[in-house]
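# Coordinate inspection notes
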Amino acid sequence: MVRTGRNSSGPGRLPQSRLAVQQLRSELFEAQGGAGARADVPYDDLVKLPYLDAVCRETLRVFAPVVLSQRVAIQDTVLPFSAPVRTRDGHAEIAELAVPRGTAVLVQYQASNADRTLWGPDAREWKPERWLAPLPATLEDARVPGVYAHLMTFAAGSRSCIGFKFSQLEMKVVLSVLLTAFSFELTDKPVAWNSSAVLYPTMGEGSTRPELLLMVKALKV
C-alpha cells in the first residue's frame, strides 16, 4: 500500500488512497474490539476480513514483487496464444509459437495481472473494491493458471511459490498490527523502484541502497 510509481516524487500510493486506508483501519479496529482495544484477532477472523483481503489481493495484483521469471523448455513444444497476434510485416496472424527444446522463455507476470482484456479498462489502477464485486467474466473464462486469485504473482504449476499462503497471512498480520497503531506518509524525497530478484525502492535513482523513508506517527485512539 505504500508503493509509488516507477519513479515518483509525489505523495504516493498510500496518501492518494486515504479513504481506502481509513476503511481498512476501521475494519481492523472493529475486529480488535474497537479503537484502542488492541485485542489479538484470531486467525479465523483475520483471514475473513473482506476489505483486508481485497487490499492484499489488489496490492499483489498491481505491485507484484517479482515481475518476471525464466523457464527453459525441456522438450519441443507449441505455445498457444490467448488471442492471435499480427506479424511485424502485417501480412499474417499467428495463434501459436513453436518453442524448441532448450529455449529460455521469460514469463512476464504483469502482462497477465494488468491485462485490460481480462481485468477491464481500469486494470492498471489500484482499486481494492474490484474484489468485493463479481470479477469480469473474461477473467473467469481465461483460466489464468496462477495458484492464487487469478493472479500470476506466485507463478503457476509445480514451480509456483511454495510460500504463497504464508505470505498472504504475513501481509494481513503486519497490516493489522501497523495500521491500527501508526499512520504513514511518504516524504517529499523522490522514490525509485528497481528491478532485481524482487522490486525494491531506493531514495532516488542515483542510489542502489534498498530503503524507503516514511513519516510515521503514532495514532491517538
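Relevant structure appears above.
Report follows, based on the coordinates. (Residues numbered from 1 in each chain as written. Predicted model: local features only at pLDDT ≥ 70, side-chain atom pairs only at ≥ 80, totals over all residues. Heavy atoms only, no water.)

## Overview of the environment of proline 80
We count it as follows: Counting from the N terminus, the helices are the DSSP runs of H or I reaching at least four residues and the strands are the DSSP runs of E reaching at least two.
Relative to the helices and strands, proline 80 is located in strand β3 (residues 77-86). Separated by 25 residues in sequence, proline 80 and valine 55 place their C-alpha atoms 33 Å apart.

## A closer look at the packing of helix α2 (residues 18-31) against helix α4 (residues 50-62)
Inclusion rule: Fitted lines through C-alpha atoms serve as axes, helices being fitted only where they are in contact, and the angles separating the N-to-C directions of these axes extend from 0 to 180 degrees. In this scheme, roughly parallel covers angles under 35 degrees and roughly antiparallel covers those over 145, while 65 to 115 is roughly perpendicular and the rest are oblique. What makes a crossing left-handed is the near helix being turned counterclockwise from the far one by less than a right angle; a clockwise turn instead makes it right-handed. We call two residues in contact whenever any of their non-hydrogen atoms come within 4.5 Å of each other. Note that Gly is not counted as nonpolar here; it falls among the polar residues with everything else outside the nonpolar set of Ala, Val, Leu, Ile, Met, Phe, Trp, Tyr, Cys and Pro and the charged set of Asp, Glu, Lys and Arg.
Packing of α2 against α4 brings their axes to within 8 Å, and their N-to-C directions diverge by 135 degrees. The angle between the axes of α2 and α4 places the two elements in the oblique class. In this structure, the crossing between α2 and α4 has a hand that is left-handed. Residues Ala20, Gln23, Leu24, Glu27 and Leu28 of α2 form the contact with α4, whose own contacting residues are Pro50, Tyr51, Leu52 and Val55. Split into classes, the residues belonging to the contact of α2 with α4 amount to seven nonpolar, one polar and one charged.

## Digging into the pairing of β3
Note the threshold: In this scheme, strands are said to pair when DSSP sees at least two bridges between them.
For β3 and strand β4 (residues 93-99), the ladder comprises six bridges, and the chain directions are antiparallel. Looking at the pairing, threonine 77 lines up with valine 99 of β4. Connecting β3 to the next strand, β4, in antiparallel fashion are six residues, including glycine 90 with a positive phi near 80 degrees.

## Brief notes about the packing of aromatic side chains
The cut-off we apply is this: Two rings from Phe, Tyr or Trp (for Trp, the six-membered ring) form a pair when their centres sit within 6.5 Å of each other. Planes less than 30 degrees apart are called stacked, planes more than 60 degrees apart edge-to-face, and all others tilted. Type-normalised accessible area, obtained with a 1.4 Å probe on protein chains alone, sets the label of each residue: buried when under 20%, exposed when over 50%, and partly exposed for intermediate values.
Throughout the structure, instances matching the rule amount to five aromatic pairs. Ring geometry for phenylalanine 154 and phenylalanine 164: centres 5.7 Å apart, planes at 45 degrees, overall tilted. On the criterion of sequence distance, the pair formed by phenylalanine 154 in strand β7 (residues 151-156) and phenylalanine 164 in helix α8 (residues 164-178) is long-range, its members being 10 residues apart. Here the two residues phenylalanine 154 and phenylalanine 164 agree in accessibility, since each one is buried. One aromatic cluster in this structure is built from Tyr148, Phe154 and Phe164.

## Quick word on the layout of surface pockets
Keep this limit in mind: Cavities and pockets were defined on a 1 Å grid built from protein atoms only: a cavity is a group of points that admits a 1.4 Å probe but offers it no way out, a pocket is an open group of points flanked by protein on both sides within 12 Å along at least five of seven lines, and a lining residue is one with an atom within 4 Å of any such point. Grid points are joined across faces, edges and corners, and a volume is the space filled by probe spheres set on the points.
Roughly 840 Å³ of volume is contained in the largest pocket. What lines the largest pocket is a set of 27 residues, and nearest its centre among them are Arg71, Leu79, Val99, Val105 and Val107. The set of elements that each furnish at least two residues to the lining of the largest pocket consists of β2 (68-72), β3, β4, β5 (104-108) and β7. It is β3 that contributes the most residues to the lining of the largest pocket, six residues altogether. Of the residues in the lining of the largest pocket, the class split is 18 nonpolar, seven polar and two charged.

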